[in-house]
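One-letter residues, chain by chain:
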Amino acid sequence: EEDSESSDDEYRYLHVVHEVSYEPDPDFVRRILRLMRIMITRDPTNEIFMRQHKGFALIAFILEKLSPLSLTRKVVLEVDHLLGDVKKLASKADLVFPVYWNIMGNANLWVYTPVDTQETWMTLLNNNSGILIDDPSHDVVQKVIDNLRQVCWYEPEGGSLAVSPNFLHPITGEVIGQRPKEQAVRRIRSVFLETIRERMIRRATSQDILSLLLFMETSRDDKQRLEVTELLLQFIDDVENPVKFSKNTRNSLKPSAMNSIPVCLK
């Protein structure tokens, strides 16, 4: 979809006086994101501001406070357009990961959204997974694991987010969002877990392996532990993968972490 409206058009729309309302306004959210996309990609000053003040994390924080009904399929597509525009510009390469991780990859933002929104979100999440796979940061696997553990859990633990099965309207108490059932959670997790697997095949580090093992040591969610264990064992058994447990990696691991692997999978 091409930009059919100028930034001036967006500005005028956003300054229309509305009565205070808690009703969802998906088009307003979409226009806000489009205006932000135009401002960031066309004005170096705005670009610098977003870098210096962690602007995308702030935007994600604000979006998390909105009604899930405001986060429609069109909103997800607008986030994808923002990500695409940033990826095209070499001067903005360092903004790609913050956009992806804080908004597109933020499971807490999308967990209560309508089913059609989640379907589109999972597709675009998978289409852009190369951002996580190729990012040079050494803590990407840890970030993904934390995301899954905090939001896409099967059984909540200490520090879990999105623990209520329903998202309630702050005034009326009406249910305006529902947490996905286990089958849907499993699908969301599969997108993230496949990303981890691909990343480890291409550029695994001892820190990545340690993150997975420590998760298995500390998590009390057996279904999550089983999935992560299977993922790790697939990596270890991959004879085509030149990266294996080095002596230093083994020495850096607690014996209890190794013992956390279920006996049936050893």
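Keep in mind that what you see is a predicted model, and the values were worked out from it rather than measured. (Residues numbered from 1 in each chain as written. Predicted model: local features only at pLDDT ≥ 70, side-chain atom pairs only at ≥ 80, totals over all residues. Heavy atoms only, no water.)

Novice: Where do I start with empty space enclosed by the protein in this structure?
Specialist: With a probe scaled to a water molecule rolled over the atoms, the places where space remains empty come into view. Enumeration according to the criterion identifies one cavity of 30 Å³ or more in this entry. Looking at the largest cavity, its volume works out to about 30 Å³. Along the walls of the largest cavity sit Leu-132, Ile-133, Val-140, Val-141, Val-144, Thr-195, Ile-196 and Arg-199, which together make up its complete lining. Looking at the lining of the largest cavity residue by residue, the classes come out as six nonpolar, one polar and one charged. (1 Å grid on protein atoms, 1.4 Å probe; cavity = no way out; pocket = protein on both sides within 12 Å on 5 of 7 lines; lining within 4 Å. Points joined across faces, edges and corners; volume = space filled by probe spheres on them. Nonpolar A, V, L, I, M, F, W, Y, C, P; charged D, E, K, R; others polar.)

Novice: Explanation requested: the layout of surface pockets in the structure shown.
Specialist: Computed from the structure, the second largest pocket encloses a volume of approximately 440 Å³. Along the walls of the second largest pocket sit 22 residues, with Ala-57, Trp-101, Asn-102, Asn-106 and Lys-143 positioned nearest its centre. For the lining of the second largest pocket, the secondary-structure elements that each account for two or more residues are helix 3 (44-52), helix 4 (55-64), helix 6 (93-104) and helix 10 (140-150). Broken down by element, the lining of the second largest pocket gets its largest block of residues, six residues, from helix 6. Class assignment for the residues of the lining of the second largest pocket results in ten nonpolar, six polar and six charged. (Helix = DSSP H or I, 4+ residues; strand = E, 2+ residues; numbered from the N terminus.)

Novice: When you look at helix 5 (residues 73-88) in this model, what are you seeing that I'm missing?
Specialist: Residues spaced three or four apart along an α-helix point in a common direction, a consequence of the helix completing one turn every 3.6 residues. Between its first and last C-alpha atoms helix 5 spans 23 Å; for 16 residues at 1.5 Å apiece the expected length is 22 Å, and the two agree. Among the residues of helix 5, Val-75, Val-76, Glu-78, Val-79, Leu-82, Leu-83, Asp-85 and Val-86 are the ones counted as buried. Of the surrounding secondary structure, the elements contacted by the buried residues of helix 5 are helix 2 (26-42), helix 4, helix 6, helix 7 (107-110), helix 8 (115-127) and helix 9 (130-134). (Expected span 1.5 Å × (residues − 1). Buried < 20%, exposed > 50% of the residue type's maximum accessible area, 1.4 Å probe, protein only. Contact = heavy atoms within 4.5 Å.)

Novice: What's the story with the nonpolar core in this structure? I'm lost.
Specialist: One recurring pattern in soluble globular proteins is that nonpolar side chains are buried together. If you look at the biggest cluster of nonpolar residues, it comprises 61 residues, and the most contacted ones within it are Phe-56, Ile-103, Trp-110 and Trp-121. It is helix 6 that contributes the most residues to this core, eight residues altogether. Sequence-distant contacts of Trp-110, that is, excluding residues within four places in its chain, are made with Leu-71, Val-75, Val-76, Val-79, Ile-103, Met-104, Thr-117, Gln-118 and Trp-121. (Core = buried A, V, L, I, M, F, W, Y, C linked by side-chain atoms within 4.5 Å.)

Novice: Would you explain the packing of helix 10 against helix 11 (residues 182-203) in this entry?
Specialist: Each pair of packed helices gets described by two things: the angle between the helix axes and the distance between those axes. Put simply, helix 10 and helix 11 touch, their axes get as near as 10 Å, and they point 165° apart. Classified by the angle between their axes, helix 10 and helix 11 sit roughly antiparallel to one another. In the crossing of helix 10 with helix 11, the sense of the turn from one axis to the other is left-handed. Across the interface between the two elements, Val-140, Val-141, Val-144, Ile-145, Asn-147 and Leu-148 of helix 10 pack against Arg-189, Phe-192, Leu-193, Ile-196 and Arg-199 of helix 11. (Axes fitted to C-alpha atoms, helices over the stretch in contact; angles between N-to-C directions. Parallel < 35°, antiparallel > 145°, perpendicular 65-115°, else oblique. Left-handed = near helix turned anticlockwise from the far one by under 90°.)

Novice: I tried to follow the packing of helix 10 against helix 12 (residues 206-218) on my own but got confused; where do I start?
Specialist: Relative to each other, helix 10 and helix 12 sit at 25°, their axes nearing to 9 Å. Relative to helix 12, the element helix 10 is oriented roughly parallel. For the pair helix 10 and helix 12, the crossing hand works out as right-handed. For the pair helix 10 and helix 12, contact is made by Val-141, Gln-142, Ile-145 and Arg-149 and by Asp-208, Ser-211, Leu-212, Phe-215 and Thr-218, respectively. Partitioned by chemical class, the residues of the contact of helix 10 with helix 12 number four nonpolar, three polar and two charged.

Novice: Where do I start with the environment of Lys-143 in this structure?
Specialist: As for its placement among the helices and strands, Lys-143 is situated in helix 10. Residues Lys-143 and Ser-211, spaced 68 residues apart in sequence, show a C-alpha to C-alpha distance of 9.4 Å.

Novice: In this structure, what is going on with the pattern of salt bridges? I would like to understand it.
Specialist: Two side chains with opposite charge may pair up if their charged atoms get near one another. Within the structure shown, the criterion is met by 18 salt bridges. Notably, a salt bridge pairs Asp-27 with Arg-31, separated by 3.0 Å at the nearest N-O pair. Of this pair, Asp-27 and Arg-31 are both found in helix 2, four residues apart, which corresponds to roughly one turn of the helix. By relative accessible area, Asp-27 is classed as partly exposed at 28%. Looking at Arg-31, the relative accessible area reads 12%, which means it is buried. Its salt-bridge partner being Arg-37, residue Glu-78 comes within 2.8 Å of it at the nearest N-O pair. Note that Glu-78 is positioned in helix 5 and Arg-37 in helix 2, a separation of 41 residues in sequence. For Arg-37, a relative accessible area of 4% translates into the label buried. The network of salt bridges with shared partners includes Glu-182, Arg-186, Arg-189, Lys-223 and Glu-227. (Salt bridge = Lys/Arg side-chain N within 4 Å of Asp/Glu carboxyl O.)

Novice: I tried to follow the confidence of the model for the protein chain on my own but got confused; where do I start?
Specialist: The predicted structure's coordinates, where accompanied by low pLDDT, should not be read in detail. Residues with a pLDDT of 70 or more make up 80% of the protein chain, whose mean pLDDT is 82. A low-confidence stretch, residues 245-250 stays under pLDDT 50, and its non-local contacts, those more than four residues away or across chains, total six contacts. (pLDDT = per-residue confidence, 0-100.)

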